[in-house]
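# Commentary on secondary and tertiary structure
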Amino acid sequence: MGPIEMEQSSMEKKKKLKSFNDLLPLELIREILLRVSIKHLACVRCVSKLWNTLISDPNFAKSHLDLSLAPSLTCLFLQDNSHAYSVDLDALLQDDNDGVDAIALSLPSMKKPSFDFHLLGSCRGFVLLQHEPQFLILWNPLTDSSKRISYSHMVNAATRDRDYDYLVKVFCFLHDALLCGFGYDASQDDYVVVVAYKDKDDKNHFDLCYLRSNSWISLDAALPKSLYWGYWKPEGLFCNGAIHWSTYEYCIDILIFDLKERSFSKISVPIETTDLYHPCLVLLGGCLALYFYEEITTEIWVMKEYKVQSSWTLYEIPLGFFQPLCLSANGDIIGRCYPSDGEVGFYIYNVRGELLKHVNVQYLYGDPNHIRSVVHVDCLMAVPSNIKQKKRKKGCQNHKEVKQGK
C-alpha cells in the first residue's frame, strides 16, 4: 500500500470514528455512559473528546451516582490517626482471590506528617475527617479533592482557658461531642455535619454545618429537653435522609435526627433485642441495621422497611467479633474481623450464616483499637462549592448563623 492509499485509509478511519458520535443523539450517548461502571469510566473517557467532556461534567458525576444500581464500594482504613489505606470490596468477590492489597493513600491537606486525623463517617461518595485542632475535611478519596471547614467557634465555646494555658485548644468529635453525624439533605442538595456539644458553662448546643458554604447554623431549640446524653454513642449513621445514633450499653431505642425537618425522634429496636449489649449501627443494602457480637456469634438485625417495626429481620453469623460492612450485589454480607495475629481479614457470609469466603488483606496489620474503617461509594463528584449558596440561605433565613468557616 502506497503513501496515498495509507493516507486515504487513515482518513476513512477518522471519518468512521467521527460518524459514530453522529449516529446517536448526544442525550442517548450520555444515558449510555451513565450506566458504565465507575471503574471503566476512566478508560471510556479516552475514546473521544466528546465523551471526555460528557464524563467531566459535574452534573454527570451526580447523575452517575444517583443512577448506579450496583455502586463500587471501597473500605477506607485509618491507622493510628495518621495513615490511610483503601481496599476494593468488589475485588473480594473474585473467585481467584484469597488475598487483596491495602493501597496506601495520602491524606488531604498534609504538608507534613500528622497524627491528628479522625475518621467521622461517609456519605454519597465523600468521607468526613477531623483534623485537630479545629478543622473538618470533606474528602473524595477517588478524585483526591477536598476542602476544609473550620469549627473554631466550637473549640472556643467548649474548652476552658485555664485548662489550656500551655496547650493548643482541642475539641475531638469522637470524645468531646455529645452527638455528631454526617449526611446529605436532598431538599437543599447539600451535605451536612451535625454536632451536639456542651460548652464550658455546661450549656448544651446543637449546630449544623452546610458544606457548600461552610456555614454553621445554631439549632439549640431543636434539642430534646429530656435526652440523657450519657446514654447515646456520639457517632451517627446516615440513612434515609436522617442521622441515627445507638446506645453505649443496653439498647431500647434508636435516636433519629431528620435533616429536612430538623427534628428528633426515636424508633424502637425489636422486642427480642432487649438484652442487646454494646450495639452498633451499619448500613446494609441501603437498610438500617443493628448488630452486636459475642465471642462466638454475631447477631445482625436489619430493618428492611424504614420505620416499619415488623420488618426487623434477624441474621446470625457464627463468628465472634464480626463487623458487617455492606452487602454484595447478590445480597451476601461482607464484614471484617481481626484474627489473633492482628491481620485484617474480610469474611463473606450468605444470609443463612454460611461462610462463603475468607480473604486476608495484605500490608495492613495492627491493634484493632488503633484501626478505624468506613465503607464509602466511589464517585467522580468534586467537593461541594458555593454555587447554590444563595438558594440554601433563603431556606435557612429563620435560623441563627453561628460562624462562617474560613
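Summary of the structure given here. Computed from a predicted structure; not experimentally measured. (Residues numbered from 1 in each chain as written. Predicted model: local features only at pLDDT ≥ 70, side-chain atom pairs only at ≥ 80, totals over all residues. Heavy atoms only, no water.)

### Side note on helix α4 (residues 49-56)
Among the residues making up α4, those that are buried are Trp51, Leu54 and Ile55. Down the axis of α4, the buried set is contained in an arc of 95 degrees. They therefore lie on one face. Along α4, the residues that are exposed and aim more than 90 degrees away from the buried face are Lys49 and Thr53. (Buried < 20%, exposed > 50% of the residue type's maximum accessible area, 1.4 Å probe, protein only. Helix = DSSP H or I, 4+ residues; strand = E, 2+ residues; numbered from the N terminus. Arc of directions from axis to C-beta.)

### A short note on the pattern of salt bridges
Within this structure, the stated rule accounts for six salt bridges. For Glu354, the salt bridge goes to Arg352, with nearest N and O atoms at 3.3 Å. Residue Glu354 is classed as partly exposed on the basis of its relative accessible area, which comes to 39%. With a relative accessible area of 62%, Arg352 lands in the exposed category. (Salt bridge = Lys/Arg side-chain N within 4 Å of Asp/Glu carboxyl O.)

### Some details on the side chain of Lys233
Tracing the backbone through its elements, the reader meets Lys233 in the loop between β12 (215-218) and β13 (237-239). No salt bridge is formed by the buried Lys233; the nearest opposite charge belongs to Glu235, separated by 7.1 Å. Contact partners of Lys233, with chain neighbours within four places excluded, come to Leu179, Trp245, Ser246, Thr247, Tyr248, His278, Pro279 and Cys280. (Lys, Arg positive; Asp, Glu negative; His and termini not counted. Contact = heavy atoms within 4.5 Å.)

### Describing unusual backbone geometry
The backbone of Asp144 sits at a positive phi, close to 65 degrees, despite the residue not being glycine. For Asp144, the location among the structural elements is in the loop between β7 (135-140) and β8 (145-150). The partly exposed category is assigned to Asp144, whose relative accessible area is 47%. Of note in the backbone geometry, Arg262 takes a positive phi value of approximately 55 degrees without being a glycine. In this structure, Arg262 sits in the loop between β15 (253-258) and β16 (263-268).

### Let's talk about the sheet that holds strand β4 (residues 103-105)
Spatial ordering of the open sheet is given by β4-β2-β1-β25, a layout of four strands whose pairing is antiparallel. In the strand order of this sheet, the two ends are held by β4 and β25 (371-377), each with one partner. Across this sheet, the average inter-strand angle for adjacent strands is 30 degrees, counted without regard to direction. One ladder, built from three bridges, connects strand β2 (residues 83-88) with β4; its direction is antiparallel. Counted as the bridge partner of Ser86 is Ile103 from β4. (Pairing = 2+ DSSP bridges. Axes fitted to C-alpha atoms, helices over the stretch in contact; angles between N-to-C directions.)

### Topic: the pairing of β12
Regular strands place side chains that alternate from one sheet face to the opposite one. Going residue by residue along β12, you find Ser215 and Ile217 tucked away on one face and Trp216 and Ser218 tucked away on the opposite face as well. Sheet analysis places strand β11 (residues 204-210) next to β12, joined by four bridges and oriented antiparallel. Following the sheet pairing, Asp207 is matched in β12 by Ser218. Linking β11 to β12, which pair antiparallel, is a turn of four residues; within it Asn214 sits at a positive phi near 60 degrees.

### Quick look at helix α5 (residues 58-67)
Taken together, the buried positions of α5 are occupied by Phe60, Ala61, His64 and Leu65. The buried residues of α5 occupy an angular sector of 135 degrees when projected down its axis, which confines them to one face. More than 90 degrees from the buried face of α5, the exposed residues found are Pro58 and Asn59. For α5, the side-chain oxygen to backbone nitrogen distance between the N-cap and Asn59 is 3.1 Å, and the N-cap itself is Asp57. (Polar contact = N/O pair within 3.5 Å; in protein donor to acceptor, adjacent residues only side chain to side chain.)

### Focus on the nonpolar core
In terms of nonpolar packing, the biggest core is built from 73 residues, with Phe171 and Phe346 touching the most fellow members. Formed by 16 residues, the second largest nonpolar core is a distinct cluster that contains Cys280, Leu284, Tyr291 and Tyr347. (Core = buried A, V, L, I, M, F, W, Y, C linked by side-chain atoms within 4.5 Å.)

### Re the side chain of Asn214
Here Asn214 is to be found in the loop between β11 and β12. A polar contact of 3.2 Å, which involves the side chain of Asn214, links it to the backbone oxygen of Arg148.

### Digging into the environment of Pro141
Inspection of the secondary structure puts Pro141 in the loop between β7 and β8. Judged by relative accessible area, which is 13%, Pro141 ranks as buried. Sequence separation between Pro141 and Leu105 is 36 residues; the distance between their C-alpha atoms is 8.0 Å. Residue contacts for Pro141: discarding those within four places in its chain leaves Leu105, Gly125, Val127 and His376.

Taken by themselves, the reported measurements are silent on function.
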